[in-house]
Amino acid sequence: MSFQLPSLPYAFNALEPHIDARTMEIHHGKHHQAYVNNLNAAIAGTDAEKLTIEQICANISKYSTAVRNNGGGHYNHSLFWTIMAPNAGGNPSGKLAEAINSAFGSFDDFKTKFNQAAATRFGSGWAWLIKNAAGKLEVCSTPNQDNPLMDIAEVKGSPLLGLDVWEHAYYLHYQNRRPDYCNAFWNVVNWNEVAKRFEK
Ligand code: MN
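Residues numbered from 1 in each chain as written. Predicted model: local features only at pLDDT ≥ 70, side-chain atom pairs only at ≥ 80, totals over all residues. Heavy atoms only, no water.

**Q** Honestly, the overall build of the chain in this entry has me stumped. Any pointers?
**A** Helix and strand counts for the chain come out as eight helices and three strands. Starting at the N terminus, the α and β elements of the chain follow one another as α-α-α-α-α-β-β-β-α-α-α. Here the C-alpha radius of gyration of the chain, 16 Å, is about what a compact globule of 200 residues would show, namely 16 Å. Scored against the burial criterion, the 200 residues of the chain give a buried share of 48%. A separation threshold of at least 6 residues defines the contact pool for the chain, and within that pool the share at least 24 residues apart is 69%. Taking the average location of the 17 positive side-chain charges in the chain and that of its 18 negative ones, the two points are 3 Å from each other. (Helix = DSSP H or I, 4+ residues; strand = E, 2+ residues; numbered from the N terminus. Rg over C-alpha atoms; globule rule 2.2 N^0.38 Å. Buried < 20%, exposed > 50% of the residue type's maximum accessible area, 1.4 Å probe, protein only. Contact = heavy atoms within 4.5 Å. Lys, Arg positive; Asp, Glu negative; His and termini not counted. Charge placed at Lys NZ, Arg CZ, Asp CG, Glu CD.)

Below, the structure written as structure tokens:
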């Protein structure tokens, strides 16, 4: 079995004006596709072909750098497309909102902390909201295509929300203004999907 590029659950231009169509088209069709192709090439003929991407991430220290970079890239982008949606944004509700308030004080405090993690990740990487093993929410960031599922991650947990802060995710529209991209992201967060992940 080989990994496949998941289809984007909305049109390339659906997240405009916050994320532009050209960026989405290249990001999904070129960058994510390349991670999938390179992951498949790196695991061809090995036992990893029988595993899920989550299982591969959980034992990533046993694999090559190519599997780490491209397996992470595949997992991270697959999550990223689903936690965004057109006509989304706003505030989380229900149990997720309660957990955010309990962990960070308020939704605004959470957003500040998340934006800070995204803005201060040097070079390329991701900012995350995760549920840790104790069921508590935490904000963290990872370099390159690492993620909090990986056994090598500094802070581990199940990703609920992730923001790609590689320049390829924002440079066409935002150039060097990463903080503007991070602020715009809140307008397209699919809180229904984040809540589903939290309650799992
Ligand atoms: Mn990316």
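Read on, since the account is not over.
**Q** Just to check I follow, could you spell out the side chain of Asn-40 for this structure?
**A** Assignment of secondary structure puts Asn-40 in helix 1 (residues 21-43). Among the residues examined, Asn-40 registers a relative accessible area of 17% and is labelled buried. If we ignore the near neighbours within four places in the chain, the residues touching Asn-40 are Ser-2 and Phe-3.

**Q** Hey, could you run me through the environment of Lys-136 in this one?
**A** Within the secondary structure layout, Lys-136 lies in the loop between strand 1 (125-131) and strand 2 (137-143). Given a relative accessible area of 42%, Lys-136 falls into the partly exposed group. A sequence separation of 21 residues divides Lys-136 from Gly-157, and the C-alpha atoms of the two residues are 9.3 Å apart. In this structure Lys-136 touches Ser-102, Ala-103, Ile-130 and Lys-131, once residues within four positions along its chain are discounted.

**Q** Quick question: what am I supposed to make of the coordination of the manganese ion here?
**A** Ideal geometry at a metal gives 109.5 degrees between four tetrahedral donors and either 90 or 180 degrees between six octahedral ones. The protein atoms that coordinate the manganese ion are His-27 (NE2), His-77 (NE2), Asp-164 (OD) and His-168 (NE2), at distances spanning 1.9 to 2.1 Å. Donor residues for the manganese ion sit on one chain with the sequence pattern H-x49-H-x86-D-x3-H. With His-27 in helix 1 and Asp-164 in strand 3 (residues 158-164), this pair connects stretches of sequence that are 137 residues apart. When sorted by exposure, His-27 lands in the same class as Asp-164, which is buried. (Donors = N, O, S within 2.8 Å, 3.2 Å for Na, K, Ca; no water.)

**Q** Would you mind showing me how to read helix 5 (residues 107-120) here?
**A** Because an α-helix completes one turn every 3.6 residues, residues spaced three or four positions apart along the sequence face the same direction. Between its first and last C-alpha, helix 5 extends 20 Å over 14 residues, near the 20 Å set by a 1.5 Å rise per residue. For helix 5, the complete set of buried residues consists of Phe-107, Phe-110, Phe-114, Asn-115, Ala-117 and Ala-118. Within helix 5, the buried residues cover an arc of 160° as seen down the axis, which keeps them to one side. Residues of helix 5 that are exposed and point more than 90 degrees away from the buried face comprise Asp-108, Gln-116 and Thr-120. In the core, the buried residues of helix 5 are packed alongside helix 4 (94-104), strand 1, strand 2, strand 3, helix 7 (178-185) and helix 8 (191-199). (Expected span 1.5 Å × (residues − 1). Arc of directions from axis to C-beta.)

**Q** I'm lost on the sheet that holds strand 2 in this one. Help?
**A** Strand-to-strand pairing in sheets goes through backbone hydrogen bonds, with the strands running parallel or antiparallel. Pairing within the open sheet is antiparallel, and its three strands lie in the order 2-1-3. Because the sheet does not close on itself, it has two edges, and the strands there are strand 2 and strand 3. Taking each pair of neighbouring strands and ignoring which way they run, the sheet shows an average axis angle of 25°. Looking at chain direction, strand 1 and strand 3 are connected through six bridges and run antiparallel. Note that in strand 3 the partner of Leu-129 across the bridge is Leu-161. Contacting strand 1 and strand 2, helix 4 crosses the sheet at an angle of about 80° to strand 2. (Pairing = 2+ DSSP bridges. Axes fitted to C-alpha atoms, helices over the stretch in contact; angles between N-to-C directions.)

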